[in-house]
Amino acid sequence: MSIGLVRADATRSDVLPDVLSTLDRDASDHLPVELSGGWRGYTNMRTPTVVLPCSNKDASLVVNMVGDSSPGNVDEGRAAGELAAATARKAADRQSSETPFGERIPKLWR
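Residues numbered from 1 in each chain as written. Predicted model: local features only at pLDDT ≥ 70, side-chain atom pairs only at ≥ 80, totals over all residues. Heavy atoms only, no water.

### A short note on the overall build of the chain
Within the chain one finds three helices and five strands. Across the 110 residues of the chain, 41% fall into the buried class. Residue pairs in contact within the chain that sit at least 24 positions apart in sequence constitute 58% of those at least 6 positions apart. (Helix = DSSP H or I, 4+ residues; strand = E, 2+ residues; numbered from the N terminus. Buried < 20%, exposed > 50% of the residue type's maximum accessible area, 1.4 Å probe, protein only. Contact = heavy atoms within 4.5 Å.)

Take a look at the structure:
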């Protein structure tokens, strides 16, 4: 899991690779889909990413989880997305980042 604040003006070279390129590294049978439920982020059923824009900072909080090599399914994808979202809530609190949160992530359709 990677957790970080990414400045609004950051470029790829400014950020640790894990924070912005999670899906680039992992092959998947699934294309990324949006998490929904009011959350900004995506998942490929194994590797979810949540992005929370901070209203009190010129940055966004980013949480990435790297899944294993087994093929993901919609139930596992939703569970991983919910874990990433819960982690993002706690990280936003610890970073004093004011940001809106979503609701429960709905069933991910394929």
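So that's the structure; there's more coming.
### Things to note about the packing of aromatic side chains
Applying the stated rule across the entire model yields one aromatic pair. The interplanar angle of 40° and the centroid separation of 6.1 Å between the aromatic rings of W39 and F101 together place this pair among those described as tilted. A residue pair is termed long-range when its members are at least 10 positions apart, and W39 in strand β3 (residues 39-43) and F101 in the segment after α3 (74-94) qualify at 62 residues. Accessibility expressed as a relative area gives 6% for W39, which makes it buried. Of the residues examined, F101 reaches a relative accessible area of 34% and is grouped as partly exposed. (Phe/Tyr/Trp six-rings, centres within 6.5 Å; stacked < 30°, edge-to-face > 60°.)

### Here we look at the pattern of salt bridges
Enumeration over the complete set of coordinates arrives at three salt bridges. Of the charged contacts in the structure, one is a salt bridge between R104 and E82, with a shortest N-O distance of 3.0 Å. In this pair, R104 is assigned in the segment after α3 and E82 in helix α3, connecting sequence segments 22 residues apart. The exposure class of R104 is exposed, given its relative accessible area of 58%. Linked by salt bridges that have partners in common, R78, E82 and R104 make up one network. (Salt bridge = Lys/Arg side-chain N within 4 Å of Asp/Glu carboxyl O.)

### A look at the side chain of S60
Relative to the helices and strands, S60 resides in strand β5 (residues 59-64). Given the relative accessible area of 19%, S60 is considered buried. Apart from the residues lying within four places of it in its own chain, the contact partners of S60 are G4, L5, V6, V51, L52, P53 and C54.

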